[in-house]
Amino acid sequence: MATFASRSPSWWTFIQRRKTRNVIIAGLFVLPAIVNFLIFRYIPILWAARASTWQYSLLGGYRDWIGGDHYLRALEDPILLKSLQVTFTYVIVKLPLEVALALALAIFTNQARRGMGTMRTIVFTPVVMSMVVVSVVWALILNADSGLLNALLRTLGLPKQVFLSNPNLSLPSVITATIWKDVGFSTILIVAGLKGIPGIFYEAAVMDGANRWHLFRHVTLPLLRRTLFFVVVTQTIFSFQVFIPVYSMTQGGPLDSTKVLVFYIYQLGFRFQDMGYAAAVSMILLLILLLISVTQMRFLRSNVEY
Amino acid sequence: MSVASPSRAAQIARSQRQAQLGQIIGWFFTLLAYALIAAVFLTPVLWMIGSSLRPSREVFQYIFPLSWRTFVPLEFTLQNFADIFGISEQGRALGFQFGRALLNTAFVSSAVVGSSLVFNTLAAYFFARLEFPYKNLLLIFVLGTFFVPQEATIVPLYIVVRQLGFADTYWALILPWYASPFVIFVLSQFFQEIPKELDEAAIIDGASLLSVLRHVIVPNARVGLLTVSLLEFQFIWNLFFWPLIATGRKELQVIQVAVATQITQREIAWGRIFAGSVVASLPVILLFLALQRYFVEGVALSGLKG
C-alpha cells in the first residue's frame, strides 16, 4: 500500500507530462497556419480599423487623428453611393444569370452521351485562364472599331455598338465577360452535385409517371439544394469583390458606370493618396459582406433538411 | 366501327417511326446546343491564339466580314512573341521582359504550392485527427478567415506587409499565401475519409505522428493533395491585384501584371497583347488538361460541392 501511494503520483505526472507533450506536439502542427491567418488575415482588419480613424497616406504617413470623420464623409460621398449602386447591380444581375446558366450547362453535360466530357472541359477552360487575360481579351472583343463582337453584329446586319464607352452598355459588358469566365466553375460544382443524386430517385419518380419537368422540379432541384446554396454563397462573396475586369476594361468609367467598390478603394488609396478614407471604405465593404454571409449562412442552415 | 382501325403491324411501325423521329430531333437539338456552347466558349480563345500568330494589321484587315480568315493567320509570324520576350530589337527598345515575368511567376507559384502543401497538410492533419483543448475554437478561427474577403482587405494587408518590411520583395508574394483556410478545410475532409485504424495501428507499432502523416495519411490522400495543389497553383499564377500593389520593381513583375500593363498604355499593340495573353494562360491550361482526370475526381471526392 505504501509503495503504491509513493509510486502513484510519479505515474500520474508521467501520464500528465505525456499528455502535455502530446498537446504541445499537436499544437506545433497547426501553429504555422494560425500565425499566417493572424498576421495576414486578421491583423490587416485591425490595422484598417485603426487607419480609418486617421488622416493617412502611403507617402505622407499618419497625420491627424480624426476619429469617425471618414465614416461621416462616407455617408455623404456621392461617388461611394454610386459605387455601392454599381456593385449591388453587378451582383444582383450576374448571380442569377450565372447560376441559371451553370445549372443548364451542368444538366446538359451530365447526360450519358458521347462528347459530354469534352464539353465540360470546354466550359471549364475560361476558369483556368486568369481574370486579367479574360478581361484584356474581352476588352478587344468589345472594341468599338475592330472588335470581334462588332464584326459579328455587322455580319448579321446590325448596327455596331461602343460597348465599353457607352454608360448603358459598360456594366453589362463587364458582367458578360465575368459570367463567361466564372460559369464553368459553378457548372463543375453542380455536375458534382448531380452525380451525387442516386439514380433510384429518378427511377422511382418515372414509375410514378413523372415527366421531365417533374423530375427536374421535384427530384433534381430539391436534392441539389445544398450544392446550389454553396454556389450562391461563394459566388456572392467573390462577386462583391470584383476588381480586375473593371481595372483592365473600363477603369471605372464611363461616368462611373462601372466603378465597383474595390476599384474605388484602389483609386482612393493608391491614386488619390487617401489611404485613411480607403481603409474606412474597406471596413464598410467588410461589414456589408459579413452581414450578407451571416444572413446566407442562416438561410442555408434552416434549409438544409429535405 | 365507322373508322377503319389500322392493323396492329401498321401501328407498331408508326410508333417506331415516331420514336425514330423523336430521337433524330433530340440529336439535332443536342448537336445544336453542342455547337453553340463550343462557339461561345472557344471562339475568344481561338481568336486570341490565332491573332497572336499574325501581324496586328492582319487582325484588323480580316476582322470583318467574319470568316475563317478572322481566326487563321495568313501571314504566320512569331514576331509578337519575340517582341514581348525582349528578343527582337523593338521588344528590347520597349523594355518588354515577359521571360523574366514568367520565371518570377513560376518561382512564386511553385514556392507557394510547396510551402502550402507542407503547412496546410500539417494543419489539416491536426484538425482531422489530433486532440487539442478548445480545438473547435481554433477551427472557427481558421474557417472565420473565409469571411475575410481577400480583395477587400488587400489594401490593409499591404499596410501590414509594409510595416513588416518586406513590401517589394519575393517574400511579399509568397508569405501571405503559405497557408489557406480553403486548402486546410478540403484536405481535412480527405483525411477524415481515411480509416482511423490505419494510423492507430501505426502508432501502436511506435510510429511518431509525423511518420504516420508521411507513411499513412499522405499516400492515401494523393488525389486530394494533387487537386488542391493544382487549384493553388492556378490561384497564385493568376493573382493580379496583390502583386500589382505589393511589388513595384520591374524585376519582380509577375506575368499577369505584365499583361495588364500592356492594355493601360496609351498605344495598344493588339498582336503583342494576344501573345502576352497566350503566354500567361497556356501553362495553366495545359497543366489542367494533363491532370484533368485526377482533378474532376478530386472535386467530386472533396465535398467541394457543399
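The rules behind these values
- Residues numbered from 1 in each chain as written.
- Chains lettered and ligands numbered in written order.
- Predicted model: local features only at pLDDT ≥ 70, side-chain atom pairs only at ≥ 80, totals over all residues.
- Helix = DSSP H or I, 4+ residues; strand = E, 2+ residues; numbered from the N terminus.
- Rg over C-alpha atoms; globule rule 2.2 N^0.38 Å.
- Buried ≥ 20, exposed ≤ 12 C-beta atoms within 10 Å, placed from the backbone.
- Contact = placed C-beta atoms within 7 Å.
- pLDDT = per-residue confidence, 0-100.
- Domains from an automatic or database assignment.
- Nonpolar A, V, L, I, M, F, W, Y, C, P; charged D, E, K, R; others polar.
- Core = buried A, V, L, I, M, F, W, Y, C linked by C-beta atoms within 7 Å.
- Axes fitted to C-alpha atoms, helices over the stretch in contact; angles between N-to-C directions.
- Parallel < 35°, antiparallel > 145°, perpendicular 65-115°, else oblique.
- Left-handed = near helix turned anticlockwise from the far one by under 90°.
- Pairing = 2+ DSSP bridges.
- Expected span 1.5 Å × (residues − 1).
- Arc of directions from axis to C-beta.

Caption draft 1: Structural context of the overall build of chain A. A count of helices and strands for chain A gives 13 helices and two strands. Taking 2.2 N^0.38 as the reference for a compact globule, 306 residues should give roughly 19 Å; the C-alpha atoms of chain A span a radius of gyration of 27 Å, well beyond that estimate. Here chain A holds 306 residues, and 38% of them are scored as buried.

Caption draft 2: Inspection of the overall build of chain B at higher detail. On a plain count of helices and strands, chain B comes out with 15 helices and zero strands. At 27 Å, chain B has a C-alpha radius of gyration far larger than the 19 Å of a compact globule built from 306 residues. When its C-alpha atoms are laid out on the principal axes, chain B stretches across 90 × 65 × 35 Å. Each of the 306 residues in chain B was classed as buried or not, and the buried ones make up 41%. Within chain B, residue pairs in contact and separated by at least 24 positions form 71% of the contacts whose partners lie at least 6 positions apart.

Caption draft 3: Focus on the confidence of the model for chain B. For chain B, mean pLDDT is 86; residues scoring 70 or higher make up 93% of the total. Among the prediction metrics, the complex's ipTM stands at 0.84, with pTM recorded as 0.86.

Caption draft 4: Structural context of the domain arrangement of chain B. Residues and elements named next belong to chain B. According to the domain assignment, chain B contains domain 1 (8-77) and domain 2 (94-302). The gap between the C-alpha centroids of domain 1 and domain 2 is 37 Å. Secondary structure elements with two or more residues in the side of domain 1 that touches domain 2: α1 (8-52) and α2 (56-61). The element contributing the most residues to the side of domain 1 that touches domain 2 is α1, with four residues. Counted by class, the side of domain 1 that touches domain 2 contains four nonpolar, three polar and one charged residues.

Caption draft 5: The interface of chain B and chain A, seen in detail. Chain B puts 71 residues into the contact, and the matching count from chain A is 73 residues. Sorting the residues of the side of chain B that touches chain A by element identifies α1, α2, α5 (98-129), α6 (135-144), α7 (154-164), α14 (255-264) and α15 (270-302) of chain B as the ones contributing at least two each. Split into classes, the residues belonging to the side of chain B that touches chain A amount to 55 nonpolar, 13 polar and three charged.

Caption draft 6: The domain arrangement of chain A, seen in detail. All names here are of chain A. Per the domain assignment, the segments making up chain A are domain 1 (2-51) and domain 2 (78-303). The C-alpha centroid of domain 2 is placed 43 Å from the C-alpha centroid of domain 1. Here the residues of the side of domain 1 that touches domain 2 are counted per class, giving four nonpolar, no polar and no charged.

Caption draft 7: Broad picture of the nonpolar core. Counting residues in each nonpolar core, the largest one holds 156 residues, and the members touching the most others are Phe243(A), Val281(A) and Ala123(B). For this core, the leading source of residues is α5(B), giving 13 residues. Excluding residues within four positions of it along the chain, Val281(A) makes contact with Ala74(A), Leu80(A), Leu261(A), Tyr264(A), Ile265(A) and Leu268(A).

Caption draft 8: Looking closely at the environment of Ala128(B). Residues and elements named next belong to chain B. For Ala128, the position within the fold is in helix α5. You can call Ala128 buried: it has 20 C-beta atoms within 10 Å. A C-alpha to C-alpha distance of 31 Å links Ala128 and Leu289, two positions 161 residues apart in sequence. Not counting chain neighbours up to four residues away, the residues in contact with Ala128 comprise Ser188, Phe191 and Gln192.

Caption draft 9: Representation of the environment of Gly99(B) in the model. Residue and element names in this part refer to chain B. Tracing the backbone through its elements, the reader meets Gly99 in helix α5. Sequence separation between Gly99 and Gly206 is 107 residues; the distance between their C-alpha atoms is 50 Å. Those residues in contact with Gly99, other than ones at most four positions away along the chain, are Phe85 and Gly86.

Caption draft 10: Representation of the packing of helix α3 (residues 78-109) of chain A against helix α7 (residues 170-195) of chain A in the model. Residue and element names in this part refer to chain A. Close contact between α3 and α7 brings their axes to 7 Å; oriented N to C, the two are set at 40 degrees. By the angle between their directions, the pair α3 and α7 is classed as oblique. Considering the relative orientation of α3 and α7, their crossing is right-handed. Split into classes, the residues belonging to the contact of α3 with α7 amount to 17 nonpolar, five polar and three charged.

Caption draft 11: Examining the pairing of strand β2 (residues 61-65) of chain A more closely. Residues and elements named next belong to chain A. Of all five residues in β2, zero are buried; the element is thus mostly exposed. As paired elements, strand β1 (residues 54-57) and β2 share three bridges and run antiparallel to each other. The partner of Ser57 across the bridge, within β2, is Gly61. Between the antiparallel neighbours β1 and β2 lie three residues.

Caption draft 12: Summary view of unusual backbone geometry. Although it is not a glycine, Gln251(A) adopts a positive phi angle of roughly 55 degrees. Note that Gln251(A) resides in the loop between α11 (244-250) and α12 (261-271). On the basis of neighbour counts, which here come to 14 C-beta atoms within 10 Å, the residue Gln251(A) falls in the partly exposed class. Not every positive phi belongs to a glycine, and Tyr134(B) is a case in point at roughly 55 degrees. Tracing the backbone shows Tyr134(B) in the loop between α5 and α6.

Caption draft 13: Broad picture of the environment of Leu268(A). Residues and elements named next belong to chain A. Relative to the helices and strands, Leu268 resides in helix α12. The class of Leu268 is buried, set by 24 C-beta atoms lying within 10 Å. Residues Leu268 and Ala279, spaced eleven residues apart in sequence, show a C-alpha to C-alpha distance of 9.1 Å. Those residues in contact with Leu268 that lie beyond four places of it in its chain are Asp274, Tyr277, Ala278 and Val281.

Caption draft 14: Here's a closer look at helix α11 (residues 209-220) of chain B. Residue and element names in this part refer to chain B. Given a rise of 1.5 Å per residue, twelve residues ought to cover 16 Å, and the 15 Å separating the end C-alpha atoms of α11 matches this to within 8%. Buried within α11 we find Leu209, Val212, Leu213, Val216 and Ile217. The arc that holds every buried residue of α11, seen down its axis, measures 125 degrees, which confines them to one face.

Caption draft 15: Seen up close, the confidence of the model for chain A. Mean pLDDT over chain A works out to 86, with 93% of the residues at or above the 70 mark. Predicted confidence is poor over residues 1-6 of chain A, with pLDDT under 50, and the contacts of this stretch with residues over four places away or in other chains come to zero contacts.

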